[in-house]
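Observations on the three-dimensional arrangement
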Amino acid sequence: MDMLPESDTTLLLRTDFSDQKAWEALRTTIGSPNEDGFMAYAEVLDDRAYHDLTTEQVLALVPEVHQHRLLAVADKTTMDSSEMPLLVIDLFEEPRGEIRVIANEFWSIENNLSLANMDFDEFAGAVDEDGIFRGF
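Below you will find a few notes about this structure. (Residues numbered from 1 in each chain as written. Predicted model: local features only at pLDDT ≥ 70, side-chain atom pairs only at ≥ 80, totals over all residues. Heavy atoms only, no water.)

Now for the pattern of salt bridges. Per the counting criterion, the structure on display carries seven salt bridges. Between Arg-100 and Asp-75 there is a salt bridge, and its shortest N-O distance comes to 2.7 Å. Taken together, the residues Arg-100 in strand 5 (residues 97–101) and Asp-75 in the loop between strand 3 (70–74) and helix 3 (76–79) connect sequence positions 25 residues apart. Its relative accessible area of 16% is what places Arg-100 among the buried residues. Exposure remark for Asp-75: the relative accessible area of 13% places this residue in the buried category. The closest approach of N and O atoms between Arg-134 and Asp-128, which form a salt bridge, is 2.8 Å. It is possible to trace a salt-bridge network through shared partners that takes in Glu-83, Asp-128, Asp-130 and Arg-134. (Salt bridge = Lys/Arg side-chain N within 4 Å of Asp/Glu carboxyl O. Helix = DSSP H or I, 4+ residues; strand = E, 2+ residues; numbered from the N terminus. Buried < 20%, exposed > 50% of the residue type's maximum accessible area, 1.4 Å probe, protein only.)

Next up, the structure:
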């Protein structure tokens, strides 16, 4: 399998193909501005070649030299929940940071990290007891 494509924006990778309507709802949620006009900017990779990859398998496909800080994964956990919690991985941190972020708050982490307004640790420290970031 080929490496993930290089991008200077966040990459949204689909690994679960069990529910097309859930995928379309996720894309709509992420691609729509919130009540304050903010939205996430992500390059979407919707290719069955990545079907059911584990986090480790996905990370093995990240090129050694890359510019995107975040990788968002739409996996089975994402598709099975009405909140659509994406797995968001900070590729610049060592060790790599990972949290779940509900789809309608994805803009917050993507915008703030891409502008260097906040650190990944601030989002990781604000997750709920179930490990999901739902906003501040």
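The discussion continues.
Turning our eyes to something else, we now look at helix 1 (residues 20–31). For helix 1, with 12 residues, the first-to-last C-alpha span of 16 Å sits near the 16 Å given by 1.5 Å per residue. Those residues of helix 1 lying buried are Ala-22, Trp-23, Leu-26 and Ile-30. Taken around the axis of helix 1, the buried residues stretch over an arc of 100°, which confines them to a single face. Opposite the buried face of helix 1, by more than 90 degrees, sit the exposed residues Lys-21 and Thr-28. Next to the buried residues of helix 1 lie strand 1 (10–14), strand 2 (42–45), strand 3, helix 3, strand 4 (86–90) and helix 4 (106–114). The N-cap residue of helix 1 is Asp-19: its side-chain oxygen and the backbone nitrogen of Lys-21 are 3.1 Å apart. (Expected span 1.5 Å × (residues − 1). Arc of directions from axis to C-beta. Contact = heavy atoms within 4.5 Å. Polar contact = N/O pair within 3.5 Å; in protein donor to acceptor, adjacent residues only side chain to side chain.)

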